[in-house]
Amino acid sequence: MSDEWLKRFAVVGGITACATGLAAFGMYKLHRSYRQQYEWKEVGKLSNLMIHPVKACRGLQVVGAECTPLGMKSSDGCIRDRNFAILNGDNSIVTMRQRSALALIRTSISDDGKYLQLDAPDMPTVKVPLGVKVTNDNDVIRFRLWRLEAEGYNCGEEVASWLDKYLNSSDHKLVCYTPDLEPKRNFECPKWGSRASTHDQSVFQDLAQYHLFTLASLDELNSKLENSVGVRNFRPNFVVEGVQEGFEEDNWRYVRIGDNVILRMTHLCGRCKQTTVDPETGVVNEEPLKTLKGFRCVDSSHPDHKGLAGAPAFGLNLNLEVSGTVAVGDTVYASY
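Each residue is numbered by its place in its chain's sequence as written, counting from 1. In view of the model being predicted, local features appear only for residues whose pLDDT reaches at least 70, and side-chain atom pairs are presented and counted only at 80 or more, with totals across whole chains, interfaces and linings using the full set of residues. In computing side-chain values, all of the structure's heavy atoms are included and hydrogens and water are not.

1. With respect to the overall build of the protein chain
- Numbering of helices and strands runs from the N terminus, with a helix taken as a DSSP run of H or I at least four residues long and a strand as a DSSP run of E at least two residues long. Helix and strand counts for the protein chain stand at five helices and 20 strands.
- Three exposure classes are used, based on accessible area relative to the maximum for each residue type with a 1.4 Å probe and protein chains only: buried under 20%, partly exposed in between, and exposed over 50%. The 336 residues of the protein chain split such that 50% are buried.
- Residues are treated as being in contact if the distance between any of their heavy atoms lies within 4.5 Å. Contacts in the protein chain between residues at least 24 apart in sequence constitute 70% of all its contacts with a sequence separation of at least 6.
- All accessibility values rest on the Shrake-Rupley procedure with a 1.4 Å probe; residue burial counts only the protein chains present in the view. For the protein chain, the exposed surface amounts to about 16100 Å²; the carbon and sulfur share of it is 48%.

As structure tokens, this is what we get:
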């Protein structure tokens, strides 16, 4: 290798190292400013971490993850939360609200990390390539998701036929987000956009990048039910244990997990029919929604009253302020 090329590599390496150092220093300053600006109280420990690769399908429990500006990502980088979604023939989102059988679609990653695998009762495994790049605009499907424009890459005929057969109807398709596409701009939402910052974006999550609730809140709800429900009924990213009072999280303005990740609460999470789908059987019940409506609807003085429009609240919607990694067992702090 010539001296000239060695000099070029040295310059490039120096620039890269400098940029990395500046980025790390900037993140340090940002994190330090949040820690100094707000008073933090230790509230509990992180007991559950969940990633739902396909919107409305069964999620994966993980022990560690990376919190990014577009949602939670697995530690190995293979999958992101709600990175895939199912559409019908009109290019409308299909969820458990319309098809409760989606609860029984299980997701996994192939051993080589190259495929998302879908399994369902009486169905063969279907594999969907990960890490695809958009090479033809005809493969991009544009659709509406909670009043916002979204884009997804069409994952092809094989998985579409698999979905049609499992759901016993036609014209379904699976789409995924890729870095070539535009993410949803949460701040443009006509209903909740005023609660978002101009940097708040997401993939196929409904109204925010992250969702959290506490085991104390779940316990309080279950104390009012004849048959208890579990964490999976509510499809969270984070569950916090050790909190003394149920629904204490309603008052958390900011949440810090471990030493790095900081999230900002945008609004309470309004609950719908999807909570009534048994995640183990796909059977629809009237609970826990009926009971939640009896004691978790906010009054007219609450700032979220208009946006919730009568839906009962359970848990928090959060957007990311400071990126980082999290793990089960991390200490959770709140700023009120």
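2. A look at the sheet that holds strand β8 (residues 126–129)
- Strand pairing is defined by DSSP finding a minimum of two bridges between the two strands. With antiparallel pairing, the three strands of this open sheet are ordered in space as β6-β7-β8. Edge positions in the open sheet fall to β6 (106–109) and β8, since each of these has one partner strand only. If you compare each strand with its neighbour and ignore which way they point, the axes differ by 30° on average.
- Looking at chain direction, strand β7 (residues 115–119) and β8 are connected through four bridges and run antiparallel. Bridged to L118 within β8 is V126.
- Where helix α2 (residues 157–167) meets the sheet, its contacts fall on β7 and β8, and the angle it forms with β8 comes to roughly 140°. A fitted line through C-alpha atoms represents every axis, and for helices the fit uses only the stretch in contact; the resulting angles, taken between N-to-C directions, go from 0 to 180 degrees.

3. Some details on the nonpolar core
- The set of buried Ala, Val, Leu, Ile, Met, Phe, Trp, Tyr and Cys residues whose side-chain atoms join them within 4.5 Å is what this entry labels a nonpolar core. With 41 residues, the main nonpolar core has F84, I105, F143, L174 and F204 as its most contacted residues.
- Those elements that provide at least two residues to this core are β5 (84–87), β7, β8, β9 (140–145), β10 (148–154), α2 and β11 (173–176).
- It is α2 that contributes the most residues to this core, five residues altogether.
- With residues up to four places along the chain from it excluded, the contact list for L174 reads V54, F84, A85, I86, V128, Y153, N154, C155, V159 and L163.
- Counting 33 residues, the second largest nonpolar core, distinct from the first, contains I51, C67, C189 and W192.

4. Considerations on empty space enclosed by the protein
- Cavities and pockets are defined on a 1 Å grid built over the protein atoms alone: a cavity is a set of grid points where a 1.4 Å probe fits but cannot escape, while a pocket is an open set with protein on both sides within 12 Å along at least five of seven lines, and lining residues are those with an atom within 4 Å of any such point. Grid points are joined across faces, edges and corners, and a volume is the space filled by probe spheres set on the points. Within this structure, the stated rule accounts for two cavities of 30 Å³ or more.
- If you add up the space inside the largest cavity, you get close to 100 Å³.
- Taken as a whole, the second largest cavity encloses approximately 60 Å³ of empty space.
- The wall of the second largest cavity is formed by L148, K184, N186, C189, W192, A196, D206, L207, T266, H267 and N319.
- Charged means Asp, Glu, Lys or Arg here, nonpolar means Ala, Val, Leu, Ile, Met, Phe, Trp, Tyr, Cys or Pro, and polar covers whatever is left, Gly included. In the lining of the second largest cavity, the residues fall into five nonpolar, four polar and two charged.

5. Details of helix α3 (residues 215–222)
- Every buried residue of α3 is listed here: A216, S217, L218, L221 and N222.
- At its buried positions, α3 is contacted by β14 (210–214), α4 (289–295) and β18 (313–322).

6. Focus on the sheet that holds β10
- If you walk across this open sheet you meet the four strands as β5-β11-β10-β9, and the pairing is antiparallel. Because the sheet does not close on itself, it has two edges, and the strands there are β5 and β9. With strand direction ignored, the average angle separating the axes of adjacent strands in the sheet is 45°.
- Note that β9 and β10 share six bridges and pair antiparallel. Note that in β10 the partner of V140 across the bridge is Y153.

7. So, the layout of surface pockets
- Of the voids in this model, the largest pocket is the one considered here, and its volume is about 600 Å³.
- The wall of the largest pocket is formed by 31 residues, among which R97, D206, C269, G270 and R271 lie closest to the centre.
- Among the elements of the structure, β14, β17 (261–270) and α5 (305–308) are those that each provide at least two residues to the lining of the largest pocket.
- With three residues, β17 is the largest single contributor of residues to the lining of the largest pocket.
- For the lining of the largest pocket, the per-class residue count stands at 11 nonpolar, 12 polar and eight charged.

8. Here's the deal with α2
- Among the residues making up α2, those that are buried are V159, A160, W162, L163, Y166 and L167. One side of α2 holds all its buried residues, which, seen down the axis, span an arc of 160°. Exposed residues lying more than 90 degrees from the buried face of α2 are E157, E158 and K165.
- Buried residues in α2 make contact with β5, β7, β8 and β11. This arc is built from the directions going out from the helix axis to the C-beta atoms.

9. What to know about the packing of aromatic side chains
- Pairs were defined over the aromatic rings of Phe, Tyr and Trp, the Trp ring being its six-membered one, requiring ring centres within 6.5 Å. Orientation was assigned from the angle between planes: stacked under 30 degrees, edge-to-face over 60, tilted for the rest. Counted by the stated rule, this structure contains 10 aromatic pairs.
- Considering the side-chain rings of F213 and F234, the 5.7 Å spacing of their centres and the 70° angle between planes classify their relative orientation as edge-to-face. Linking F213 in strand β14 with F234 in the loop between α3 and β15 (238–241), this pair joins segments that are 21 residues apart in sequence. The same class applies to F213 as to F234, namely buried.

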